[in-house]
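Fold and contact review
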Amino acid sequence: MAMKLRGAGMNSFLVIEKSEGIGGTWWENRYPGCACDIPSHLYSFSFDLNPKWSRMFAGRKEIQEYLEESVDRHGIRDRIRLKTQLREAVWDEDAGLWHATLGDGATVDARVIVSGMGALHVPRYPEIRGIERFEGASFHSATWDSTVDLTGKDVAVIGTGASSIQFVPEIAAQAGRLRLFQRTAPWIVPKLDHAIGERWRSRFGRIPGLMRAYRTLLFWMLEIRVLGFLKKGWLRRQGEKEARKHLAAQVTDPEMRARLTPTYEFGCKRVLISNDFYPTLARENVELITEPIQEMCAHSIVTGDGIERPVDVVIYGTGFRVTDMLLGTRIVGRDGVEIHDAWKERVAAFLGITVAGFPNFFLLLGPNTGLGHNSVVLMIEAQVRYVMSCLGMMQRRGQRVMEVRETSQRRFAERIREKLAGTVWIAGGCRSWYQDQRTGESPVVWPGSVVDYRRQTRSASAGDYLFGKGRAT
């Protein structure tokens, strides 16, 4: 967003970042083996391609370095204030401004606020009886404590999601005993990872068109997969067949294979990629436990079958509070309405970007704009383009305020609900972080293709908005 503002000559902006460094989730997450599950050349800005990616699936350090370099290439570092959290933003109707209060108590007035808060930054901890009684070291994968020495320790890992299948193979050899507590088995397919040789990196650097063509190929290879998520058919069956074949090839024990086979449809939860997770479970010092956890004690975990296992360190690989958007931040719009109250019945935003009752407020990665099949960077770029279109529209019309009509937002929300109804995310037989546990609906995923979303967000339509200081109807 900052790069596009600067590129358009809009230089009166400030980026506030709660962390100590740039990179978002790639700054925060530092667990061993942390990497992206989208091909590197697609998980990058379309306007700032990187010929230097060293692997098909880049690790966190390389991604974070790329983001740092992009910041410097586009000259926005001086507009970023680190270690600064947005505590509250209140709309002033008379002034047509947002009054923002930062974490240190400082205040900032802004005509426009753009939220770039992603969904994967507030850790989710499991609800386990006695969790507070545990006296050993414990931490979430998103807040990895590198000062804790795992050598020879009895380590318990709770959860088998995207983070766990990356760090479990990395720490298994170090731990004396590693116990992996699985609530639900994930679908896992092979990770087609490989190093990108110097010859190809050189070609990509010398021939930008070749790199862009490669990126386009990757895009369409992933984009077609959305058909398998939207309805039952050949693609979904093929995905499940590939996952079952991968499991059978790497896990020879029938009983273990049964425990690792999901009971829900392929794609209902995030499909994971890994070549070393299943082999790790065959190590003598690794135990897969599928019995539910009954309680945690000072130095042990007790499962539902009454077995008590000693534990020195607990690592929570239990994901994030994805459906609790803008958690910890108070956004107050017209008539003193707080955004979480506006979202009490259903989390919704027009195109996932603008919310009725909250003028001059835009969301990046807002409701129903996450993906299960392609690079979310593509969605963010589409949203930034749309926000820039809105800002340009206000300038051209000589207006200081714009707000989405409630009718436009309601129609969009109903279309999303209808499209989601038959998808694997809702009807696939699982409970996942895609779903709001209160309603069973998904405020997270986009029920369509990236191509369709980019078409819908190509430019803002004045008919969906009211301008000036009038109230939306």
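Just so we're clear, the structure is a prediction, and the values are computed from it rather than from any experiment. (Residues numbered from 1 in each chain as written. Predicted model: local features only at pLDDT ≥ 70, side-chain atom pairs only at ≥ 80, totals over all residues. Heavy atoms only, no water.)

A short note on the overall build of the protein chain
For the record, the criterion: Only DSSP runs of H or I with at least four residues qualify as helices, and only runs of E with at least two residues qualify as strands; both kinds are numbered from the N terminus onward. Within these notes, the globule rule equals 2.2 Å times the number of residues to the 0.38 power, and the radius of gyration is based on C-alpha atoms. For each residue, the accessible area found with a 1.4 Å probe, counting protein chains only, is set against the maximum for its type, and the residue is called buried under 20%, exposed over 50%, and partly exposed in between. Note on definitions: a residue-residue contact is assigned when non-hydrogen atoms from the two residues lie within 4.5 Å. Residue-level accessible areas treat just the shown protein chains as cover; the underlying method is Shrake-Rupley with a 1.4 Å probe. Residues scored as positive are Lys and Arg, those scored as negative are Asp and Glu, and His as well as the terminal groups of each chain are ignored. For charged residues, the charge sits on one atom: NZ in Lys, CZ in Arg, CG in Asp, CD in Glu.
When you go through the protein chain residue by residue, the secondary structure sums to 15 helices and 20 strands. Relative to the globule expectation of 23 Å for 473 residues, the C-alpha radius of gyration of the protein chain, 23 Å, shows essentially globular dimensions. Along the first, second and third principal axes, the C-alpha set of the protein chain runs to 70 × 55 × 45 Å. Considering the protein chain as a whole, with its 473 residues, one finds that 51% of them fall into the buried category. Residue pairs in contact within the protein chain that sit at least 24 positions apart in sequence constitute 71% of those at least 6 positions apart. Split by element, the accessible area of the protein chain, about 21,900 Å² in all, is 52% carbon and sulfur. Within the protein chain, the 54 negative side-chain charges are centred at a point lying 8 Å from the centre of the 65 positive side-chain charges.

Remarks on the packing of helix α5 (residues 198–206) against helix α6 (residues 208–223)
Two quantities define a packed helix pair, namely the angle between the helix axes and the distance between the axes. Just so we agree on the cut-off: Under this scheme, a helix contributes an axis fitted over its contacting stretch, all axes are lines through C-alpha atoms, and angles between N-to-C directions fall in the 0 to 180 degree range. To sort the angles, those under 35 degrees are grouped as roughly parallel, those over 145 as roughly antiparallel, those from 65 to 115 as roughly perpendicular, and the leftovers as oblique. Here the term charged refers only to Asp, Glu, Lys and Arg, the term nonpolar to Ala, Val, Leu, Ile, Met, Phe, Trp, Tyr, Cys and Pro, and the term polar to all other amino acids, Gly among them.
In contact at an axis separation of 5 Å, α5 and α6 are set at 110° when each is read in the N-to-C sense. Relative to α6, the element α5 lies roughly perpendicular. Contacts from Trp-200, Arg-203, Phe-204, Gly-205 and Arg-206 in α5 reach Pro-208, Leu-210, Met-211 and Tyr-214 in α6. For the contact of α5 with α6, the per-class residue count stands at 6 nonpolar, 1 polar and 2 charged.

Points about the packing of aromatic side chains
Spelled out, the test is: Pairing of aromatic rings covers Phe, Tyr and Trp, the last through its six-membered ring, and needs centres within 6.5 Å; plane angles under 30 degrees mean stacked, over 60 mean edge-to-face, and all others mean tilted. Only when the NZ of Lys or the CZ of Arg is both within 6 Å of the ring centre and within 35 degrees of the ring normal is a charge said to sit over the ring.
All chains considered together, the criterion is met by 21 aromatic pairs. Seen in terms of ring centroids, Trp-200 and Phe-204 are 5.7 Å apart; in terms of plane orientation they differ by 40°. Their pairing is tilted. Linking Trp-200 with Phe-204, this pair stays in helix α5, spanning 4 residues, or about one helical turn. Trp-200 sits in the partly exposed class, given a relative accessible area of 42%. The exposure class of Phe-204 is buried, given its relative accessible area of 4%. Taken together, the ring pairs in this structure connect Phe-350, Phe-412, Trp-446, Tyr-453 and Tyr-465 into an aromatic cluster. Just above the ring of Trp-27 sits the side chain of Arg-30; from NZ or CZ to the centre is 4.3 Å.

Let's talk about the pattern of salt bridges
It is possible for side chains bearing opposite charge to pair when their charged atoms get close. Formally: Here, a salt bridge means any Lys or Arg side-chain nitrogen found within 4 Å of an Asp or Glu carboxyl oxygen.
In total, this model carries 31 salt bridges according to the counting rule given. The shortest N-O distance in the salt bridge between Asp-78 and Arg-79 comes to 3.8 Å. Judged by relative accessible area, which is 58%, Asp-78 ranks as exposed. Taken together, the salt bridges that share partners define one network made up of Asp-154, Arg-177, Arg-179, Glu-287 and Arg-309.

A few points about the side chain of Ser-442
Applied cut-off: Definition of a polar contact: a pair of N or O atoms within 3.5 Å, with one able to donate and the other able to accept a hydrogen when the atoms are protein atoms, and with sequence-neighbouring residues admitted only if both atoms are side-chain atoms.
Along the chain, the position of Ser-442 falls in the loop between α14 (424–427) and α15 (450–456). Its relative accessible area of 4% is what places Ser-442 among the buried residues. At 3.3 Å, the side chain of Ser-442 forms a polar contact with the backbone nitrogen of Val-445. Excluding its chain neighbours within four sequence positions, the residues that come into contact with Ser-442 are Asn-368, Leu-420, Ile-426, Tyr-434 and Gln-435.

Thoughts on unusual backbone geometry
Positive phi outside glycine occurs at Asn-360, with the angle close to 55°. Turning to its location among the elements, Asn-360 is positioned in the loop between α11 (339–342) and β18 (361–363). Residue Asn-360 is classed as buried on the basis of its relative accessible area of 1%. You will see that Asn-368, though not glycine, has its phi angle at about 55°, which is positive. Asn-368 gets classed as buried once you look at its relative accessible area, which sits at 7%.

As for the sheet that holds strand β3 (residues 86–92)
To be explicit about the condition: A pair of strands is considered paired only if DSSP assigns at least 2 bridges between the two.
Pairing within the open sheet is mixed, and its 4 strands lie in the order β5-β4-β3-β17. The sheet terminates laterally at β5 (107–110) and β17 (330–332), the two strands that pair on one side only. With direction set aside, neighbouring strand axes in the sheet form an average angle of 15°. One ladder, built from 6 bridges, connects β3 with strand β4 (residues 97–102); its direction is antiparallel. Paired with Asp-92 across the two strands is Leu-97, which belongs to β4.

Quick word on the sheet that holds strand β13 (residues 293–296)
The strand order across the open sheet formed by 3 strands is β13-β14-β15, and the pairing between neighbours is antiparallel. Each having just a single partner strand, β13 and β15 (308–310) make up the two edges of the open sheet. On average, adjacent strands in this sheet sit at an angle of 25° to one another, irrespective of strand direction. Bridging between strand β14 (residues 300–303) and β15 involves 3 bridges; their strand directions are antiparallel. Looking at β15, one finds that Ser-300 is bridged to Pro-310.

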